[in-house]
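Results of the structural survey
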Amino acid sequence: MTIPGFTQLEKLPRVHLAHLPTPVEPLPNLSKHLGGPELWIKRDDQTGLATGGNKARKLEFLMAEALEARADTVITAGSTQSNHARQTAAGAARLGLGCHLVLYAPEGKAPQHATGNVLLDELLGAVIHWTDEHAPFTETLARVSGELKAQGKTAHLIPYGGSNPVGMMGFVTAVLELAGQEAITGPLDAVAYASSSGGTQSGMILGAHMAGWLGRVRLVGISVDEHEKILAERVAGLVNGGAALLGLDWRIKDDVPEVVDSYLGGGYAVVGDPEREALRLLARHEGILADPVYTGRALAGLIDLIRLGEFKAGQRVLFWHTGGSAALFAFGDALGL
Ligand SMILES: *Cc1c(COP(=O)(O)O)cnc(C)c1O
């Protein structure tokens, strides 16, 4: 079978950073507990790069671009407990690049105690610039870039969440990887995952198109912080940007990105009862750690969809674990632990 766009995908610059392929594993105990579909999990919490996560896949392409640009420093931005920032710091350390992180905190002040991802950012040698500016952090990023340039550095900007047509290629390759693993899982009916800056979801959709999955496997992006219309539009734009990058004429139909925005709860990183329940269920039935911000919320959404009968016995549903458990240590109080 020839995969459309595959030759172009193989030609893109890429550095090896992630432990791939990540395993797929059954979730027999959680499946039994919920009494619904047969559940599987894709262990992208095991991609390596300083405790794993989905950003390692994007960074293989984004860091290669930085090296091609002969950068000596990378800059990126995120929230206080950004997994993307931590994995960027780890990738930069591995490749011998400097790393500057623009991180959001209330009043632009560093938290009193460096914990979770912040502790790891510091351990990995990243320079942190605290800001109270929200995404996309335009002003602060411009200021930090200017300062680095004045110091004679060649800085390369990695986008928020690693989500642009280059970064999303990490998830195009990820879906092709999973398509091969259907030999282990059996044919999948649906894949559910946390969606935020859009790179993961758009890469999955483009990869699904290339793998011939669209229309057969339902790809359910559970939004952690954005309303459906905004995120679906962002995802569609990225899908088309990625298709163009691979020289494909195919463009996405507007109704393809499935974004579920019913589980936004109290907002980004606000842990509620659904997240607490999902984290405990996965930990106590399967011995697997989810994270409080992304995978805990997405799993809570999937569990609710199962309880609502959206996914039923006889179906096979894979939860894509996108990582983030390093943030757990910063959320002890919110988890009641
Ligand atoms: C960034 C992140 C996501 C969301 O991925 P996007 O590509 O930004 O949509 C999901 N889970 C975890 C743990 C993340 O760090």
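This report concerns the structure included in the present document. (Residues numbered from 1 in each chain as written. Predicted model: local features only at pLDDT ≥ 70, side-chain atom pairs only at ≥ 80, totals over all residues. Heavy atoms only, no water.)

1. Brief notes about the environment of proline 28
Definition in use: The way it works is that DSSP assigns letters per residue, a run of H or I at least four long becomes a helix, a run of E at least two long becomes a strand, and they are numbered from the N terminus.
Mapping proline 28 onto the fold places it in helix H2 (residues 28-34). Taking C-alpha positions, proline 28 is 34 Å from glycine 91, a pair spaced 63 residues apart along the chain.

2. As for the side chain of threonine 47
Rule in force here: Relative accessible area decides the class of each residue, using a 1.4 Å probe on protein chains only: under 20% of the type maximum gives buried, over 50% gives exposed, and in between gives partly exposed. Definition of a polar contact: a pair of N or O atoms within 3.5 Å, with one able to donate and the other able to accept a hydrogen when the atoms are protein atoms, and with sequence-neighbouring residues admitted only if both atoms are side-chain atoms. The contact rule is simple, with two residues in contact once any of their heavy atoms fall within 4.5 Å.
As for its placement among the helices and strands, threonine 47 is situated in the loop between strand E2 (38-43) and helix H3 (55-68). For threonine 47, a relative accessible area of 0% corresponds to the buried category. Among the polar contacts listed, one links the side chain of threonine 47 to the backbone oxygen of glycine 53, at a separation of 2.8 Å. When neighbours within four sequence positions are excluded, threonine 47 is seen to be in contact with Leu17, Ala18, His19, Thr22, Gly52, Gly53, Ala56 and Gln87.

3. Looking at the environment of valine 270
Structurally, valine 270 can be placed in the loop between strand E9 (258-260) and helix H10 (273-286). C-alpha of valine 270 to C-alpha of valine 224: the two residues are 46 residues apart in sequence and 10.0 Å apart in space.

4. Comments concerning H10
Stated formally: Expected span of a helix, by definition, is 1.5 Å for each gap between consecutive residues, and there is one gap fewer than residues. Summarising the geometry, the arc corresponds to the directions from the helix axis toward the C-beta atoms.
Helix length check: H10, at 14 residues, gives a terminal C-alpha distance of 20 Å against a target of 20 Å (1.5 Å per residue), a fit within 8%. Buried within H10 are the following residues: Glu275, Ala278, Leu279, Leu281, Leu282 and Glu286. Viewed end-on, H10 has its buried residues packed into an arc of 160 degrees, placing them on one side of the element. Away from its buried face by more than 90 degrees, H10 exposes Asp273 and Arg284. Positive backbone phi, approximately 70 degrees, marks glycine 287, located one or two places after H10.

5. Focus: the layout of surface pockets
Which entries qualify depends on this criterion: Two kinds of site are reported from a 1 Å grid over the protein atoms alone, namely cavities, where a 1.4 Å probe fits but cannot get out, and pockets, open sets with protein on both sides within 12 Å along at least five of seven lines, and residues are called lining when an atom falls within 4 Å of a point. Grid points are joined across faces, edges and corners, and a volume is the space filled by probe spheres set on the points.
Empty space within the largest pocket amounts to approximately 750 Å³. Taken together, 31 residues line the largest pocket, and the ones lying closest to its centre are Ser79, Thr80, Tyr104, Tyr268 and Ala269. For the lining of the largest pocket, the secondary structure elements donating two or more residues are strand E3 (73-79), helix H9 (228-245) and helix H12 (332-335). With three residues, the top contributor of residues to the lining of the largest pocket is H12.

6. Side note on the site of the ligand
Applied cut-off: Throughout, the term near means that a residue has one or more heavy atoms lying within 4 Å of the molecule or strand in question. Computed with the Shrake-Rupley method and a 1.4 Å probe, the accessible areas treat only the protein chains shown as cover for residues. To decide whether a molecule occupies a pocket or cavity, check its atoms: if more than half lie within 2 Å of the grid points, it is inside. Gly is placed with the polar residues, together with every amino acid not listed as nonpolar (Ala, Val, Leu, Ile, Met, Phe, Trp, Tyr, Cys and Pro) or charged (Asp, Glu, Lys and Arg).
Close contacts around the ligand come from 17 residues, with Lys55, Lys58, Ser197, Thr200 and Thr322 the closest. Here an oxygen atom of the ligand and a side-chain polar atom of lysine 55 are 2.9 Å apart. Within the backbone of glycine 199, a nitrogen or oxygen atom sits 3.4 Å from an oxygen atom of the ligand. Compared with its free state, where it exposes 380 Å², the ligand has 98% of that area covered by protein. At a threshold of 2 Å from the grid points, most atoms of the ligand map onto the largest cavity. Looking at the shell around the ligand residue by residue, the class counts come to two nonpolar, 12 polar and three charged.

7. Some details on the sheet that holds strand E10 (residues 316-321)
Whenever strands of a sheet pair, they do so through backbone hydrogen bonds, lying parallel or antiparallel. Put simply, the rule reads: In short, DSSP must find at least two bridges between two strands for them to pair. Axis definition: a line fitted to C-alpha atoms, over the contacting stretch in the case of helices. Angles run 0 to 180 degrees between N-to-C directions.
Taken in spatial order, the six strands of this open sheet run E1-E2-E10-E7-E8-E9, and their pairing is mixed. Taken across any chain shown, the strands that pair with only one partner, and hence form the sheet edges, are strand E1 (24-26) and E9. Taken pair by pair, the neighbouring strands of this sheet meet at an average axis angle of 30 degrees, ignoring direction. Pairing between E1 and E2: three bridges, direction antiparallel. Directly across from proline 26, in E2, lies its bridge partner tryptophan 40.

8. Notes on unusual backbone geometry
In the segment running from leucine 20 into proline 21, the intervening peptide bond is cis, with an omega of -5 degrees. Topologically, proline 21 is positioned in the loop between helix H1 (6-11) and E1. Here the bond from alanine 135 into proline 136 is cis, since omega is 5 degrees, no more than 30 degrees from zero. In this structure, proline 136 sits in the loop between strand E5 (127-131) and helix H6 (138-150). Notably, glutamate 107 is not glycine yet its phi reads approximately 60 degrees, a positive angle. Even without glycine at this site, phenylalanine 137 takes up a positive phi of about 60 degrees. Here phenylalanine 137 lies in the loop between E5 and H6.

9. Concerning empty space enclosed by the protein
As enumerated under the stated definition, the model contains one cavity of 30 Å³ or more in all. The calculated volume of the largest cavity comes to roughly 260 Å³. Looking at the largest cavity, it is lined by 26 residues, and the ones nearest its centre are Asn54, Lys55, Ser196, Ser197 and Tyr294. For the lining of the largest cavity, the elements supplying multiple residues, two or more each, are H3, E3, helix H4 (83-95), strand E7 (190-195) and helix H8 (199-211). When grouped by side-chain class, the residues that make up the lining of the largest cavity number five nonpolar, 18 polar and three charged.

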